[in-house]
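So the chains spell out like this:
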Amino acid sequence: MGRTAAALRVEAPNPPGRPLQPHSSDVGLPHGNNTGIPRIPFKIGQPKKQIVPKTVERDFEREYGKLQQLEEQTKKLQKDMKKSTDADLAMSKAAVKISSDLLSNPLCEQDAAFLGVVTAFDTAMRRMDSFNQEKVNQIQKTVIEPLKKFGSVFPSLNMAVKRREQTLQEYRRLQAKVEKYEEKERSGPGLAKLHQAREELRPVRADFEAKNQQLLQEMPKFYSSRSDYFTPSFEALLRAQVVFYSEMRSIFGDLTAQIGRAALSDELRERENEGRLGELRALSIVGDD
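Predicted model only: the values in this text are computed from it and were never measured.

## Some words on the overall build of the protein chain
Part 1 of the reasoning: Across its full length, the protein chain carries seven helices and zero strands.
Part 2 of the reasoning: For the protein chain, the α and β elements follow one another from N to C terminus as α-α-α-α-α-α-α.
Part 3 of the reasoning: Across the 289 residues in the protein chain, those meeting the buried criterion constitute 35%.
Part 4 of the reasoning: In the protein chain, of all internal contacts separated by at least 6 residues, the share reaching a separation of at least 24 is 78%.
Part 5 of the reasoning: Total accessible area computed for the protein chain in this model is approximately 17,500 Å², and 53% of it derives from carbon and sulfur atoms.

## Brief notes about helix H6 (residues 226-259)
Part 1 of the reasoning: The first and last C-alpha atoms of H6 sit 49 Å apart over 34 residues, in line with the 50 Å expected at 1.5 Å per residue.
Part 2 of the reasoning: Turning to H6, its buried residues are Tyr-229, Phe-230, Pro-232, Ser-233, Ala-236, Leu-237, Ala-240, Phe-244, Met-248, Ile-251 and Leu-255.
Part 3 of the reasoning: On its buried face, H6 is in contact with helix H1 (54-103) and helix H3 (112-151).

## So, the pattern of salt bridges
Side chains carrying opposite charge are able to pair once their charged atoms draw close together.
Part 1 of the reasoning: Applying the stated rule across the entire model yields 21 salt bridges.
Part 2 of the reasoning: Its salt-bridge partner being Arg-164, residue Glu-57 comes within 3.2 Å of it at the nearest N-O pair. Of this pair, Glu-57 sits in helix H1 while Arg-164 sits in helix H4 (residues 154-183), placing them 107 residues apart in sequence.
Part 3 of the reasoning: Assessed through its relative accessible area of 0%, Arg-164 is described here as buried.
Part 4 of the reasoning: The shortest N-O distance in the salt bridge between Asp-86 and Lys-82 comes to 3.0 Å. You can see Asp-86 and its partner Lys-82 sitting in helix H1, four residues apart, about one turn around the helix.
Part 5 of the reasoning: Ionic contacts of the salt-bridge type, sharing partners, join the residues Asp-59, Arg-62, Glu-63 and Lys-66 into one network.

## Describing the packing of H3 against H6
Working note: a packed helix pair is described by the angle between its axes plus the distance between those axes.
Part 1 of the reasoning: Interhelical geometry of H3 versus H6 gives an angle of 180° and a closest axis separation of 10 Å. The orientation of H3 relative to H6 falls into the category roughly antiparallel.

## As for a nonpolar patch on the surface
Part 1 of the reasoning: Nonpolar side chains collect at one region of the surface, where Leu-277, Leu-280, Leu-283 and Ile-285 lie side by side and expose about 390 Å² of accessible area between them.
Part 2 of the reasoning: The residue Ile-285 is located in the segment after helix H7 (266-281) in this model.

## Structural notes on the confidence of the model for the protein chain
Low-pLDDT stretches of the model should not have their predicted coordinates read in fine detail.
Part 1 of the reasoning: When pLDDT is averaged along the protein chain, the result is 83; 81% of the residues meet or exceed 70.
Part 2 of the reasoning: Of all the helices and strands in the protein chain, H7 carries the lowest mean pLDDT, 81, while H1 carries the highest, 95.
Part 3 of the reasoning: Scored below 50 in pLDDT, residues 1-44 makes 136 contacts in the model with residues more than four places away or belonging to other chains.

## Quick notes on the packing of H1 against helix H5 (residues 188-224)
Part 1 of the reasoning: Closest axis-to-axis distance for the H1/H5 pair is 10 Å, and the angle between their directions is 40°. Relative to H5, the element H1 lies oblique. The crossing of H1 and H5 is left-handed. In contact with Val-56, Asp-59, Phe-60, Glu-63, Tyr-64, Lys-66, Leu-67 and Leu-70 of H1, H5 contributes Asn-212, Leu-215, Leu-216, Met-219, Pro-220, Phe-222 and Tyr-223.
Part 2 of the reasoning: Partitioning the contact of H1 with H5 into residue classes produces 11 nonpolar, one polar and three charged.

What counts and how
- Residues numbered from 1 in each chain as written.
- Predicted model: local features only at pLDDT ≥ 70, side-chain atom pairs only at ≥ 80, totals over all residues.
- Heavy atoms only, no water.
- Helix = DSSP H or I, 4+ residues; strand = E, 2+ residues; numbered from the N terminus.
- Buried < 20%, exposed > 50% of the residue type's maximum accessible area, 1.4 Å probe, protein only.
- Contact = heavy atoms within 4.5 Å.
- Areas by Shrake-Rupley, 256 points an atom, 1.4 Å probe, with all protein chains shown as cover.
- Expected span 1.5 Å × (residues − 1).
- Salt bridge = Lys/Arg side-chain N within 4 Å of Asp/Glu carboxyl O.
- Axes fitted to C-alpha atoms, helices over the stretch in contact; angles between N-to-C directions.
- Parallel < 35°, antiparallel > 145°, perpendicular 65-115°, else oblique.
- Patch = residues over 30% accessible without salt bridge, like charges linked within 9 Å, V, L, I, M, F, W, Y side chains within 5 Å.
- pLDDT = per-residue confidence, 0-100.
- Left-handed = near helix turned anticlockwise from the far one by under 90°.
- Nonpolar A, V, L, I, M, F, W, Y, C, P; charged D, E, K, R; others polar.

Spelled out as structure tokens, the structure:
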């Protein structure tokens with residue numbers, strides 16, 4: 001996003017594979033606040049006049065609440081995607097470690113046929129690890145990094161809401177001050193104080209109305225932009241998964257062809273293994289005491 005002094009916007013996302021750029025502005029509020037609009041801790045006089053209509057305040061709280069929820073969901077999704085890619089890498093690295101350990105097994109030195117099977121398995125695992133690393137790199141670029149950049153907008157948004165709230169508190173304080181002088185006798189000194197209070201109120205009221213209007217207009221726009229922003233990322237995620245599993249089908253198909261006996265069913269393999277296990281159990285060294 002381009003950075004301006006008056007607006008916070010999100011442009012259409014870049015094509016998959018390129019970093020997506022959310023925009024922020026110089027307006028903003030406290031990060032991580034999920035308890036509603038921030039409140040100022042000091043006490044101030046409250047005016048009798050309702051300076052912000054209840055419907056406007058409800059609309060503001062509703063829109064900001066949606067963005068707070070979006071912020072938490074974005075954080076969670078980024079964290080979950082990182083866990084997923086870490087687990088993917090750990091899986092393929094563990095498979096390579098297993099095949100490597102098998103190659104160093106003394107049995108491979110004694111049985112040329114077994115050595116051929118293990119070598120084919122090791123080659124397949126290393127190919128899988130290579131494609132898995134490529135998939136994870138693609139997901140990092142097209143999903144995780146855009147999520148992180150999108151999340152970086154929220155601190156400035158939160159600061160904008162905080163500033164709006166601070167201005168509202170000052171507006172209320174000055175409005176109460178004006179009302180106080182309006183209720184007093186309109187003498188010369190009193191009129192002077194009333195005039196001064198009104199002059200102090202005018203720019204603060206205008207500042208609040210500008211901040212309030214800007215946020216009411218732009219918070220819904222920012223919220224509705226999320227689909228356009230994230231759709232290319234998730235399309236890229238699906239493509240990366242499709243490419244990876246297509247390659248896995250090819251790799252394991254080649255492996256099956258290399259180790260032979262491809263037509264042997266799982267049921268026959270299980271029977272064969274049970275038979276061999278029975279032969280091992282019949283040996284005196286593994287017999288029951």
